[in-house]
Amino acid sequence: VSKAAELMRRAGGDLPAPKGGTSTAIVPAGGADEDEEWAEGDGEWDYDEEGGGDLSYDDEVELVDEAGNYLQQLRPQMGGRNRMRNVGLHTIEIYYPQFYFKQIEMEEFDARPDRYGPSVIGKYTKGIGMIEARYCTDDEDPVSFSMTVTHRLMDRMEKEGFNETYRYMPDGNRLPCWNSVGRLDIGSESLIDRSKSMKAYVMDLFERYGSGEGNIEGVDMYNACYGGQAAGLCAQNWVESDRWDGRYAIAIATDISDAPFEVIFSVGAACTAALYYPDAPLPHHSHRASCILHRFDFFKPVGWFHMGPVVDGKYSIDAYMNCVDACYQTLKHKMNGRPLLGITDYNVFHTGGGYHVVKKAFERCIRAEDPKTKADVRERYVQEKLLPSVNLLKIIGPCHTVSSFLNISSVVMTKWEEALGKILLVFTYGSGCAASMYQMRVDDVPFFDPYEIWKLQFYRNAIKVTPEESVPLHHYYVQTWMKFDYFPQGRRSCKVSLWKYEEDVYYLMQIDKFGRRFYHRGGMSTGPMDPSLKLPVDKAEERPTRESWGPVLVRPEEKQKAITSSKEERFKEIEYAMAFGDTEEARFEEISEVTDRYNPNQKVTIRKPIEREITLEPDGDSHSYQILGTWSGRSPEEMSCEDGAWSFEITLGENRWESFYLTQDNDSEKRIVPNVSKASKEAVPVGPLSTGPKHEWLLDCRARVNVPEEQVGLPGDKYRVTFRWDKLKEISWEKLDAERAEVSQGKYYLTGPFNEWNLVEMHVDTTGPRRRRKGWFSTEVQVSTLAMEFCVVRNEDFTQTIHPEVLPGQKVTQHSAICGPDDGEGTWKIEDLPGAVYKIFFFRDPDDCEASSMRIDWKKAPSQVAAEPEE
C-alpha cells in the first residue's frame with residue numbers, strides 16, 4: 001500500500017487530507033527509504049526490486065493514512081492507472097447565425113429566366129431535402145462562432161450547475177467554470193490563418209474570465225469536414241488517458257459553408273461545442289474504425305482566388321461512399337461480424353451537401369448488411385433509424401465539420417427519454433479523405449433542451465431574408481477572403497437594424513493591415529468591455545477598443561408597442577382574412593403554368609398578388625335581417641327593427657345554450673358570422689359573406705367559469721339578441737329577467753356507421769318501470785355486417801351530438817361518462833353477430849341539463865333475419 005502512496009507522490013499527485021484532521025504520511029514498505037530508485041520504461045513504473053517489489057499502474061492500488069484508514073481517490077493520477085469510465089458527451093452547445101431563407105422561396109428565385117429557369121423547382125426541397133438555410137454576413141467568421149459558443153457554454157454550465165469537477169479535485173471543491181476546462185480543440189475547414197490557430201483567439205476568453213487561465217491543451221485540426229470529429233476524438237482520448245487532470249475537454253466544430261451568388265442555395269453555417277467528461281449521459285460505446293486515404297476529390301490550395309474548394313463533385317461522393325464501406329466493414333470485423341444495423345437504434349451520418357447524401361449512405365449500409373432487403377423494410381429503417389438525426393440539418397443547411405455533432409444533437413433532442421438505453425452509430429467524414437465510424441450509447445438524458453423548446457430559441461432572434469436580399473448580404477462574407485485593413489459593412493449596406501445584433505454573440509469588428517482580427521461581444525450594439533477584464537497585452541499589442549469602431553450608442557428604451565392601426569383597420573384585416581383567407585393561395589392569383597422545354601414533366605406556376613378591397617360601412621340601402629339558431633333547427637326568423645337596431649327574443653332550451661348566425665335579406669349567400677367559432681358577443685361580426693368559415697355565436701347560459709354571472713340562466717329564460725350596423729357591425733345580448741316561456745322537449749335520433757350516419761328517431765318510452773319517469777327514449781336496431789357503432793343526436797343537429805367520453809386505453813361501455821350535446825366525437829359499440837336485434841334506451845332528465853344526468857343502455861331482443869344496408 002505504501003508503494004501506491006510513493007507512486008502517487010512521484011507522479012505529481014497530492015494525497016487528499018483525511019477527515020478529522022488526521023495527517024497523511026508516506027510509510028515506505030519494508031523499511032525502504034524515500035530515495036530508493038524508480039525506473040520508467042515502456043509506459044509503466046517499475047519499483048526497484050531492492051526496495052521491496054515492483055508495481056505498475058496496471059495494478060489495483062489503494063491509499064491509506066498512517067493509521068491504516070482507507071482513503072478515497074479523489075483526483076486522477078498523472079502517470080498512474082486511470083482509464084475513466086463511460087467518457088463521452090455531457091452536452092453540445094449549438095450556435096447558428098441569425099439570417100435565413102426558405103429553400104422553397106429560393107427555388108422560385110432561381111427558377112427565373114435570368115437564373116436557372118424552371119428546372120430547379122423541387123431540386124432544393126424534394127431533391128436535396130432541405131427546408132431552410134442559415135448564413136452570416138461579413139461581421140462573423142469561424143473564430144467569432146467559436147468564441148460565442150464557448151462563452152455560451154460556460155454561462156450555461158454556471159447557470160444550470162452541471163460542473164462536476166468537484167468529484168475529482170483533492171479538496172472536493174468545484175472549480176470555477178472558466179478554470180474547469182483542461183483541453184480545447186477546434187476543427188474547421190474555414191481557416192483564416194496558416195499559422196495562428198483559432199484556438200488562440202478563444203483562449204482570450206479564458207485569460208480574461210478565468211483570471212489568466214492558460215493551462216488548456218489542444219490547438220486546431222483540419223481535414224475538410226473531418227476536423228471537428230478529429231477534435232472530438234482528441235478530447236475523448238485525453239479524458240480517457242493517464243494524463244487527464246480531472247477537468248473537462250471541449251471539442252469545437254466551426255464552419256461556414258460559403259456560397260457565391262450563383263449557388264446561394266448551398267449555404268449553411270453553425271458551430272458546436274461538445275463537452276467531454278467521465279460518466280457521460282452519452283458515452284462512446286464499443287469499438288471504432290477509421291479510413292484515411294490520399295484523394296484529390298476536394299482541396300483548398302494556398303493562394304486560391306476564393307475561399308471555396310477545388311472539387312470534383314461526383315468523385316467526392318464516390319470517395320465518401322467508399323469510406324462508408326471501409327469503415328462499416330472494419331467496424332463489423334472488430335465486432336466479430338455482428339450486423340451493425342441490427343444492433344443500432346439510430347444512425348448518424350456526416351453530410352456536406354444535404355439530406356439526400358445521408359439517405360444514400362444509410363441505404364448503402366442496409367444493402368451491405370442484407371442485399372435482399374425489401375423496399376418497405378428499407379423505408380421503415382429510414383423512418384425509424386435515420387430521420388431522427390436530420391431535423392437540425394434540414395433547417396440549418398450544410399455546415400461541413402459541424403454536421404455530425406448537429407445530427408447527434410438532433411437524435412437526442414427529438415427522442416429525449418425514448419432514446420434511453422439506445423445505441424447510435426455515427427459516421428463522420430472529410431474529403432481528401434478521412435472518415436471514422438463508432439457507436440455511442442444513451443445512458444441518461446444529456447444536458448440538452450427538447451427539440452420543441454430549442455426550436456423556439458432557434459427562431460427567437462432569427463431574421464428571415466428573401467432570396468433577393470440574401471445574395472448581397474452573404475456575398476459580403478464571401479468577399480472577406482484575403483482581405484486586409486477591412487471593416488465589416490454587410491449589415492449597414494443592407495440596412496439591417498443596429499439593434500438586431502445579439503448581445504451575447506461575438507462579432508468581427510476589424511481586420512487590420514497585418515491581417516489581425518479583433519472581435520467584440522454584442523458588436524456595435526454594446527458598449528466597451530468591462531475594465532476589470534482588460535489585460536496588459538491589450539495595450540502592449542495596441543489592440544483596438546470598442547471606441548475605435550464608432551460611437552457607443554444608447555439603446556432606446558422599450559416603449560409599449562404603439563397601436564399602428566385603428567379599430568376600423570383591424571376589423572378590415574379580419575374581414576379580409578375571413579372573406580378571402582390568409583394563406584399564400586388567397587393572396588396570389590395564378591397567371592399561367594409553364595412547362596420546361598427540357599423537362600416536360602416539370603411545370604411552374606406564375607402568380608401575381610391579388611388586390612382586393614373590403615368595405616366596412618353599410619351600403620345605404622334598406623335591408624332586413626334574419627336569425628338562424630339551434631332552437632328552430634336553423635330556420636330563418638325575422639328580426640324586428642327599432643331605431644336602427646334589429647333584435648330577436650330567444651327562449652333558452654333544455655341544453656341551456658343556443659348558437660346562431662344572421663343573414664341579410666333572407667339570402668343564405670349573405671351570412672353574418674363571428675370571426676371565431678363558438679363566439680362570445682365580444683367577437684368581430686363579419687359579412688355579409690358567401691364564403692369562408694361557417695362560424696356561429698354561442699349564447700352559453702350554463703354555470704361555467706367563463707360565463708358571466710348575469711348571463712347564467714335556466715331552460716325557459718328569455719334573452720334578447722341585438723344587431724346594429726352604423727359604421728361597424730356590433731352584436732350583443734341581454735337576459736330578460738322578468739320573462740319566461742314554456743320549453744318544448746327535444747327529439748332524439750340514433751345514428752352511426754351502422755346506418756351510414758342516417759338519423760333514426762327514438763320515441764318516448766313508457767314501457768316497464770321507465771314509464772314512471774319522463775325523459776326515456778328508445779328504438780330497436782338490427783346488427784348488420786356494418787359496425788354496430790352509434791351515438792345520439794338532438795333535433796337532427798350534429799352540433800348537438802350526445803356521445804361517450806373516449807379515454808386512451810379504456811373500452812367504451814354503457815357505464816362510460818356521457819358528453820354533450822356538442823360537436824364532439826365518440827360512439828358506443830355493440831359486438832354481436834349479424835341479425836341480432838337490440839333495443840337501445842336513452843334517458844335525459846327534463847329538469848337537469850347536465851350530461852351527468854343522462855343514461856344510455858341496451859338489451860338484446862329476439863333475433864331476426866339479418867338485414868343488409870341499402871346501397
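Along each chain, residues carry numbers from 1 onward, in the same order as the chain's sequence is written. Where local features are concerned, this predicted model is filtered to residues with pLDDT of at least 70; where side-chain atom pairs are given and counted, the filter is 80 or more; whole-chain, interface and lining totals use all residues. Hydrogens and water are ignored here; the side-chain numbers use all heavy atoms of the structure.

1. Comments concerning the overall build of the chain
Applicable threshold: Under the DSSP-based scheme used, a helix requires at least four consecutive residues in state H or I and a strand at least two consecutive residues in state E, with every element numbered from the N terminus. To sort residues, take the accessible area from a 1.4 Å probe on protein chains only and compare it with the maximum for the residue type: under 20% means buried, over 50% means exposed, and anything in between is partly exposed. For this analysis, residues touch if any pair of their heavy atoms sits within 4.5 Å. All accessible areas in this document rest on Shrake-Rupley with a 1.4 Å probe, and a residue is counted as covered only by the protein chains that are shown.
The helix and strand inventory of the chain stands at 17 helices and 41 strands. Of all 871 residues assigned to the chain, the portion counted as buried reaches 49%. Here the contacts in the chain between residues at least 6 apart in sequence split such that 68% fall between residues at least 24 apart. A total accessible area of about 43,400 Å² is found for the chain, and carbon and sulfur atoms account for 49% of it.

2. Observations regarding the pattern of salt bridges
If charged atoms from side chains of opposite charge come close, those side chains can pair. As a reminder, the rule being used: Salt bridges are identified by distance alone: a Lys or Arg side-chain nitrogen within 4 Å of an Asp or Glu carboxyl oxygen.
Scanning all chains against the criterion turns up 46 salt bridges. The salt bridge partner of Asp 726 is Arg 724, with a shortest N-O separation of 3.6 Å. On the basis of relative accessibility, which here comes to 30%, the residue Arg 724 falls in the partly exposed class. Asp 832 is paired through a salt bridge with Lys 860; the nearest N and O atoms lie 3.1 Å apart. Highlighted residues: Asp 832 in the loop between β39 (828–829) and β40 (837–843) and Lys 860 in strand β41 (residues 855–861), separated in sequence by 28 residues. Overall, the relative accessible area of 28% leaves Asp 832 in the partly exposed class. By relative accessible area, Lys 860 is classed as partly exposed at 48%. Linked through salt bridges whose partners overlap, the residues forming this network are Asp 204, Arg 208, Asp 538, Glu 541 and Arg 543.

3. Some thoughts on the packing of helix α7 (residues 313–334) against helix α8 (residues 355–369)
How two helices sit against one another is set out by the angle between their axes and by the gap between those axes. Here is the rule: Orientation is described by axes fitted as lines to C-alpha atoms, over the contacting stretch for helices, and by angles from 0 to 180 degrees between their N-to-C directions. Orientation categories follow fixed angle ranges, with anything under 35 degrees roughly parallel, anything over 145 roughly antiparallel, 65 to 115 roughly perpendicular, and all other angles oblique. The handedness criterion is simple: a crossing whose near helix is rotated anticlockwise from the far helix by less than a right angle is left-handed, and one whose near helix is rotated clockwise is right-handed. Polar here means any residue outside two lists: the nonpolar Ala, Val, Leu, Ile, Met, Phe, Trp, Tyr, Cys and Pro, and the charged Asp, Glu, Lys and Arg; Gly therefore counts as polar.
At their nearest, the axes of α7 and α8 sit 10 Å apart, and the two run at 40° to each other. By the criterion of interaxial angle, the relationship of α7 to α8 is oblique. Like other packed secondary-structure pairs, α7 and α8 cross with a definite hand, here right-handed. Taking contact as the criterion, the partners of Ile 317, Tyr 320, Met 321, Asn 322, Val 324, Asp 325, Tyr 328 and Gln 329 in α7 are, on α8, Val 357, Lys 360, Ala 361, Arg 364, Cys 365, Ala 368 and Glu 369. Of the residues assigned to the contact of α7 with α8, the class counts are 9 nonpolar, 2 polar and 4 charged.

4. Examining the side chain of Ser 778
Here is the rule: Whenever a nitrogen or oxygen atom comes within 3.5 Å of another N or O atom, the pair is scored as a polar contact, on the condition that within protein one atom can donate a hydrogen and the other can accept it, and that pairs from neighbouring residues in sequence are kept only if both atoms are in side chains.
With respect to the helices, strands and loops of the structure, Ser 778 is situated in strand β35 (residues 776–782). Looking at Ser 778, its side chain comes within polar contact range of the side chain of Asp 765, at 2.6 Å. Once residues lying within four places of it in the same chain are set aside, the contact partners of Ser 778 are Met 762, His 763, Asp 765, Lys 839, Ile 840 and Phe 841.

5. Looking at the packing of aromatic side chains
Quick note on the threshold: Note on aromatic pairs: the rings of Phe, Tyr and Trp (six-membered ring only in Trp) are paired at centre separations within 6.5 Å, and the planes decide the class, stacked below 30 degrees, edge-to-face beyond 60, tilted for the rest.
Enumeration according to the criterion identifies 39 aromatic pairs in this entry. Note on Tyr 124 and Phe 265: the rings are 4.2 Å apart at their centroids and 10° apart in plane angle, and the pair reads as stacked. Here Phe 265 lies in the loop between β10 (248–257) and β11 (268–277) and Tyr 124 lies in helix α3 (residues 123–127), a separation of 141 residues in the sequence. In this structure, Tyr 124 and Phe 265 share a single accessibility class: buried. Look at Tyr 248 and Tyr 277: their rings are 3.9 Å apart centre to centre, the planes differ by 20°, and that puts the pair in the stacked class.

6. A closer look at the packing of α8 against helix α9 (residues 375–386)
Orientation of α8 relative to α9, taken along the N-to-C sense of each, is 120°, at an axis distance of 11 Å. As the angle between them shows, α8 and α9 are arranged oblique. Helix-helix and strand crossings are classified by hand; for α8 and α9 the assignment is right-handed. In contact with Tyr 355, Val 358, Lys 359, Phe 362, Glu 363 and Ile 366 of α8, α9 contributes Arg 378, Glu 379, Tyr 381, Val 382, Lys 385 and Leu 386. Grouping the amino acids of the contact of α8 with α9 by side-chain chemistry returns 7 nonpolar, no polar and 5 charged.

7. Quick notes on the nonpolar core
For clarity, the cut-off: By convention a nonpolar core is built from buried Ala, Val, Leu, Ile, Met, Phe, Trp, Tyr and Cys residues, the set being connected through side-chain atoms within 4.5 Å.
Core analysis: the largest hydrophobic core is formed by 94 residues, its most contacted members being Ile 408 and Trp 454. It is β11 that provides the largest number of residues to this core, a total of 8 residues. Counting 51 residues, the second-largest nonpolar core is a separate cluster that includes Ile 264, Ala 319, Val 324 and Phe 427.

8. Overview of the pairing of β35
Which entries qualify depends on this criterion: For two strands to be treated as a pair, DSSP must find at least two bridges joining them.
In terms of burial, β35 is largely enclosed, as 5 of its 7 residues are buried. Pairing of strand β34 (residues 760–764) with β35 involves 2 bridges; the strand directions are antiparallel. Within β35, the position partnered with His 763 by the bridge is Ser 778. Bridge analysis of β35 against β40 gives 7 bridges, and the strand direction is antiparallel. The partner of Glu 780 across the bridge, within β40, is Lys 839.

9. Focus on the confidence of the model for the chain
Note the following rule: Each residue carries a pLDDT score, the predictor's own confidence in it, on a scale running from 0 to 100.
Confidence along the chain averages 84 in pLDDT terms, with 83% of residues attaining 70 or more. Considering only residues more than four positions removed or in separate chains, one finds that residues 1–61, a stretch of pLDDT under 50, has 93 contacts. The model gives residues 71–75 a pLDDT under 50, and that stretch makes 15 contacts with residues more than four places away or in other chains.

10. Considering the state of the cysteines
Here a disulfide denotes a covalent bond joining the sulfur atom of one cysteine to the sulfur atom of another. Under the convention used in this document: Any pair of cysteine sulfurs within 2.5 Å is marked as a disulfide.
Across all of its chains, the model carries 0 disulfides by this definition. Free of any disulfide, Cys 433 has its nearest cysteine sulfur in Cys 323, 3.7 Å distant.

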